[in-house]
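Listed below, chain by chain, are the residues.
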Amino acid sequence: MKKKLLLLCGVGAALGVALSTLITIFISLTVGDGRFYAVVPELIEDCGGELNAVMLQTALSMLYGAAWAGAALIWKQDRWSLTRQTVTHLIICSAATFPVAWLCRWMRHDAVGAALYFGIFFAVYALIWLGQYLGIRRRVREMNREIGARRSRQGT
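Residues numbered from 1 in each chain as written. Predicted model: local features only at pLDDT ≥ 70, side-chain atom pairs only at ≥ 80, totals over all residues. Heavy atoms only, no water.

Undergrad: Help me get a handle on unusual backbone geometry, residues and values and all.
TA: You will see that Arg105, though not glycine, has its phi angle at about 65 degrees, which is positive. Among the secondary structure elements, Arg105 is positioned in the loop between helix 4 (82-103) and helix 5 (111-154). With a relative accessible area of 25%, Arg105 lands in the partly exposed category. (Helix = DSSP H or I, 4+ residues; strand = E, 2+ residues; numbered from the N terminus. Buried < 20%, exposed > 50% of the residue type's maximum accessible area, 1.4 Å probe, protein only.)

Given below as structure tokens:
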């Protein structure tokens, strides 16, 4: 289990860096001046230079990617209810992501910014969760139909 956790976290760290790069591309597009901002200008000011800001953002992105990937093991806890799995996963992922978004300045640093962040975060989380849930439910129904069809062909 520990080996699987470490492997997942390593892959997650790389995905975290990839995701943060996509976020910076999106931020650069919203600025609209045709330049690429590897980090937001406020982070450069906070860190005293662009290289320091990029290194901090990369390290934080690796941490949140690793946390998300490691949290995926929660879905393997068969003894837990779906509600417990979901709430635990949501708490771990939001606890890992919010500080990164705050420190990297991907959100405004005020109450409105935090409310917007959590509103968007929870909406995206809910949509992804619902999509996964509906997909799994559909596959379970298909498997049950297939089992029923096999039983009827066998006459049991």
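Now that the structure has been shown, we can carry on.
Undergrad: Give me the lowdown on the packing of helix 1 (residues 2-31) against helix 3 (residues 50-71), citing residues and values where you can.
TA: Following both chains from N to C, one finds helix 1 and helix 3 inclined at 130 degrees, their axes separated by 6 Å at the closest point. With respect to each other, helix 1 and helix 3 are oriented oblique. Our pair here, helix 1 against helix 3, has a crossing hand that is right-handed. Counted together, Leu5, Leu8, Cys9, Gly12, Ala13, Gly16, Val17, Leu19, Ser20, Ile23 and Thr24 of helix 1 and Gln57, Thr58, Ser61, Met62, Tyr64, Gly65, Ala66, Ala69 and Gly70 of helix 3 form the full contact between these two elements. Per-class residue counts for the contact of helix 1 with helix 3 are 11 nonpolar, nine polar and no charged. (Axes fitted to C-alpha atoms, helices over the stretch in contact; angles between N-to-C directions. Parallel < 35°, antiparallel > 145°, perpendicular 65-115°, else oblique. Left-handed = near helix turned anticlockwise from the far one by under 90°. Contact = heavy atoms within 4.5 Å. Nonpolar A, V, L, I, M, F, W, Y, C, P; charged D, E, K, R; others polar.)

Undergrad: Before we move on, could you go through the environment of Gly65 and cite the residues and values that matter?
TA: With respect to the element layout, Gly65 can be found in helix 3. The exposure class of Gly65 is buried, given its relative accessible area of 6%. Taking the C-alpha atoms as reference, Gly65 lies 8.7 Å from Thr97; in sequence the two are 32 residues apart. When residues no more than four places from it in sequence are discounted, the contact partners of Gly65 are Gly12, Ala13 and Gly16.

Undergrad: Can you tell me about the packing of helix 4 against helix 5, naming the residues and giving the values?
TA: Packed helices, taken two at a time, are described by their axes: the angle between them and the distance between them. Orientation of helix 4 relative to helix 5, taken along the N-to-C sense of each, is 140 degrees, at an axis distance of 11 Å. When the axes of helix 4 and helix 5 are compared, the pair comes out oblique. Crossing angle aside, the handedness with which helix 4 passes helix 5 is right-handed. Counted together, Leu82, Thr86, His89, Leu90, Cys93, Ser94, Thr97, Phe98 and Ala101 of helix 4 and Ala114, Tyr117, Phe118, Phe121, Phe122, Tyr125, Trp129 and Tyr133 of helix 5 form the full contact between these two elements. In terms of residue class, the contact of helix 4 with helix 5 is built from 13 nonpolar, four polar and no charged.

Undergrad: Can you tell me about the pattern of salt bridges, naming the residues and giving the values?
TA: One pass over the full model with this rule turns up four salt bridges. Across the pair Arg105 and Asp46 runs a salt bridge whose closest N-O atoms are separated by 2.5 Å. Taken together, the residues span a long stretch of sequence, with Arg105 in the loop between helix 4 and helix 5 and Asp46 in helix 2 (residues 41-47) at a distance of 59 residues. In this structure, Arg108 engages Asp110 in a salt bridge whose closest nitrogen and oxygen atoms are separated by 2.8 Å. Overall, Asp110 belongs to the partly exposed group, its relative accessible area being 31%. (Salt bridge = Lys/Arg side-chain N within 4 Å of Asp/Glu carboxyl O.)

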